[in-house]
Amino acid sequence: MQKKLPCTFLSLGLALTFGTCQAEALTASDWQRELNLKPGGDTGQGRMIYEQRGCAGCHGTDAQTDNPQWPVLAGQRPLYVYKMLLDYQAGRLQSADAAIMGSLAQSLNREEIADIAEWVGSLPRPASPQAAEPVILGGDRQRLIPPCSACHGAQGQGWDLQPALLGQHRDYLGKALRRFKSGERDNDVNAGMSQFAKKLSDEEIRALADYYGR
Ligand code: HEC
Ligand code: HEC
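Now for a description of the structure that goes with this document. (Residues numbered from 1 in each chain as written. Chains lettered and ligands numbered in written order. Predicted model: local features only at pLDDT ≥ 70, side-chain atom pairs only at ≥ 80, totals over all residues. Heavy atoms only, no water.)

## Remarks on the coordination of the iron atom of ligand 2
Reasoning step 1: Within the first shell, the iron atom of ligand 2 binds the protein through His 152 (NE2) and Met 193 (SD), at distances of 2.0 to 2.1 Å.
Reasoning step 2: Of note is the iron atom of ligand 2, whose 6 donor atoms meet at the metal with angles of 88 to 180° in an arrangement that counts as octahedral. One end of the pair, His 152, is in helix 9 (residues 149-152); the other, Met 193, is in the loop between helix 10 (170-182) and helix 11 (194-197), and 41 residues separate them in sequence.
Reasoning step 3: Judged by its relative accessible area of 22%, Met 193 is partly exposed. (Donors = N, O, S within 2.8 Å, 3.2 Å for Na, K, Ca; no water. Tetrahedral: all angles 85-135°; square planar, octahedral: opposite > 155°, others 65-115°. Helix = DSSP H or I, 4+ residues; strand = E, 2+ residues; numbered from the N terminus. Buried < 20%, exposed > 50% of the residue type's maximum accessible area, 1.4 Å probe, protein only.)

## Notes on helix 6 (residues 78-90)
Reasoning step 1: Between its first and last C-alpha atoms helix 6 spans 18 Å; for 13 residues at 1.5 Å apiece the expected length is 18 Å, and the two agree.
Reasoning step 2: Counted residue by residue, helix 6 has 10 buried out of 13 residues, so it is predominantly covered.
Reasoning step 3: Within helix 6, the full set of buried residues consists of Leu 79, Tyr 80, Val 81, Tyr 82, Lys 83, Met 84, Leu 85, Leu 86, Asp 87 and Tyr 88.
Reasoning step 4: Turning to helix 6, the residues buried within the fold contact helix 3 (28-37), helix 7 (96-105), helix 8 (110-122) and helix 10. (Expected span 1.5 Å × (residues − 1). Contact = heavy atoms within 4.5 Å.)

## Focus on the packing of helix 10 against helix 12 (residues 202-212)
Reasoning step 1: Where helix 10 contacts helix 12, the two axes come as close as 8 Å, and the packing angle between them is 145°. The handedness of the crossing between helix 10 and helix 12 comes out as right-handed. The residues of helix 12 that touch helix 10, namely those facing Arg 170, Leu 173, Gly 174, Leu 177, Arg 178 and Lys 181, are Asp 202, Ile 205, Leu 208, Ala 209, Asp 210 and Tyr 212.
Reasoning step 2: Counted by class, the contact of helix 10 with helix 12 contains 6 nonpolar, 1 polar and 5 charged residues. (Axes fitted to C-alpha atoms, helices over the stretch in contact; angles between N-to-C directions. Left-handed = near helix turned anticlockwise from the far one by under 90°. Nonpolar A, V, L, I, M, F, W, Y, C, P; charged D, E, K, R; others polar.)

## Digging into the site of ligand 1
Reasoning step 1: Surrounding ligand 1, one finds 22 residues, the nearest of these being Cys 55, Cys 58, His 59, Met 101 and Tyr 172.
Reasoning step 2: In this structure, a nitrogen atom belonging to ligand 1 sits 2.8 Å away from a side-chain N or O atom of His 59.
Reasoning step 3: In the model, an oxygen atom of ligand 1 is placed 2.8 Å from a nitrogen or oxygen of the Arg 179 side chain.
Reasoning step 4: Looking at the shell around ligand 1, the elements that each hand over two or more residues are helix 5 (56-59), helix 6, helix 7 and helix 10.
Reasoning step 5: By residue number, the principal contributor to the shell around ligand 1 is helix 6, which donates 5 residues.
Reasoning step 6: Here the residues of the shell around ligand 1 sort into 15 nonpolar, 4 polar and 3 charged.
Reasoning step 7: Of the domains in this structure, domain 1 (25-122) and domain 2 (135-212) are the two that each give at least three residues to the shell around ligand 1. (Near = heavy atom within 4 Å. Polar contact = N/O pair within 3.5 Å; in protein donor to acceptor, adjacent residues only side chain to side chain. Domains from an automatic or database assignment.)

## Quick look at unusual backbone geometry
Reasoning step 1: In this model, Leu 144 sits at a positive phi of 55°, which is unusual for a non-glycine residue.
Reasoning step 2: Looking at the secondary structure, you find Leu 144 in the loop between helix 8 and helix 9.

## Concerning the site of ligand 2
Reasoning step 1: Around ligand 2 sit 24 residues, and of these Lys 83, Cys 148, Cys 151, His 152 and Met 193 come closest.
Reasoning step 2: Separating an oxygen atom of ligand 2 from a side-chain N or O atom of Lys 83 is a distance of 2.6 Å.
Reasoning step 3: For ligand 2, an oxygen atom lies 2.7 Å from a polar atom in the side chain of Arg 185.
Reasoning step 4: Every element with two or more residues in the shell around ligand 2 is listed here: helix 6, helix 9 and helix 10.
Reasoning step 5: The dominant element in the shell around ligand 2, judged by the number of residues it contributes, is helix 10, at 5 residues.
Reasoning step 6: Its residues placed into classes, the shell around ligand 2 shows 17 nonpolar, 4 polar and 3 charged.

## Notes on the nonpolar core
Reasoning step 1: Ranked by size, the top nonpolar core spans 33 residues in total, and within it Trp 31, Tyr 50, Ala 63, Tyr 82, Leu 85, Tyr 88 and Val 120 carry the most contacts.
Reasoning step 2: Within the residue set of this core, elements represented by two or more residues are helix 4 (43-52), helix 6, helix 7 and helix 8.
Reasoning step 3: Top element by residues in this core is helix 6. It accounts for 8 residues.
Reasoning step 4: The residue makeup of this core includes at least three contributed by each of domain 1 (25-122) and domain 2 (135-212).
Reasoning step 5: Sequence-distant contacts of Leu 85, that is, excluding residues within four places in its chain, are made with Met 101, Ala 105 and Ile 113. (Core = buried A, V, L, I, M, F, W, Y, C linked by side-chain atoms within 4.5 Å.)

## What to know about the packing of aromatic side chains
Reasoning step 1: With the rule as written, the count across this model stands at 2 aromatic pairs.
Reasoning step 2: Look at Tyr 50 and Trp 119: their rings are 5.1 Å apart centre to centre, the planes differ by 55°, and that puts the pair in the tilted class. With Tyr 50 in helix 4 and Trp 119 in helix 8, this pair connects stretches of sequence that are 69 residues apart. Each member of the pair, Tyr 50 together with Trp 119, is buried.
Reasoning step 3: Their ring planes at 70° and their centres at 5.0 Å tell us that Tyr 211 and Tyr 212 sit as a pair that is edge-to-face.
Reasoning step 4: Note that Lys 38 overlies the ring of Tyr 82, its terminal NZ or CZ placed 5.4 Å from the centroid. (Phe/Tyr/Trp six-rings, centres within 6.5 Å; stacked < 30°, edge-to-face > 60°. Lys NZ or Arg CZ within 6 Å of the ring centre and 35° of its normal.)

Right, dumping it as structure tokens:
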């Protein structure tokens with residue numbers, strides 16, 4: 001993996017000299033500061049901005065695209081959507097997919113991000129087919145893995161900063177878990193997700209993505 005460079009280089013205009021610059025994940029206190037700055041969010045404005053900025057082109061007009069390359073946003077937790085857009089904008093995710101989102105999110109300000117987050121969050125979440133529950137769903141005391149429901153909710157509906165998993169494309173869920181496991185994705189506050197993903201086997205990841213996803 002590429003060595004991380006502090007992103008203060010970017011603000012000094014040295015990014016070109018140093019090549020890629022990957023921003024560090026937000027710490028808990030950074031995130032608290034971001035929360036304090038977060039505008040309320042207006043669903044009507046959000047809908048307009050979502051359409052004007054071409055988000056629908058990939059994520060769908062109802063924010064529940066059938067294309068498994070693009071994540072479902074309908075019914076996603078607004079705080080999580082808000083954080084993800086800030087993370088893409090700041091270059092805290094490294095994949096090629098994230099680079100696409102990074103450039104799209106570049107020109108949005110906090111107000112617009114909060115509006116979009118509020119709007120997509122208000123839309124109905126698509127359902128997932130009922131799949132067999134994998135054993136790991138309940139966690140594993142030996143490996144110190146808590147049940148997924150402890151953070152993502154009994155129905156996988158998410159809460160606060162913990163994203164909704166139910167109704168998401170299984171390909172996207174699997175990809176996200178594999179990236180947390182390999183360390184390619186490390187934008188989570190205090191490694192609150194990746195520390196568990198690192199302990200999951202590939203088989204368990206597949207079963208979890210099948211269970212929650214569609
Ligand atoms: C060219 C296609 C494309 C367009 C246009 C696009 N996105 Fe995305 N979006 C993606 C892809 C691909 C990902 C997955 C990135 C990754 O794997 O990290 C993504 C991820 C996201 C996520 C994270 C979802 C999650 O569950 O983690 C959010 C939020 C998001 N996009 C919002 C938007 C908004 C708002 C717009 C309009 C400003 C937009 N996107 C425009 C392709 C697109
Ligand atoms: C201690 C709380 C916690 C536990 C337990 C936990 N997660 Fe997470 N999970 C999170 C947080 C917080 C995020 C958001 C990370 C970020 O900011 O990018 C997340 C993100 C995810 C994502 C990325 C979703 C997206 O849209 O990109 C997936 C997939 C996921 N978790 C699956 C699971 C599964 C499956 C389990 C059970 C093995 C689990 N999580 C257990 C807190 C948790």
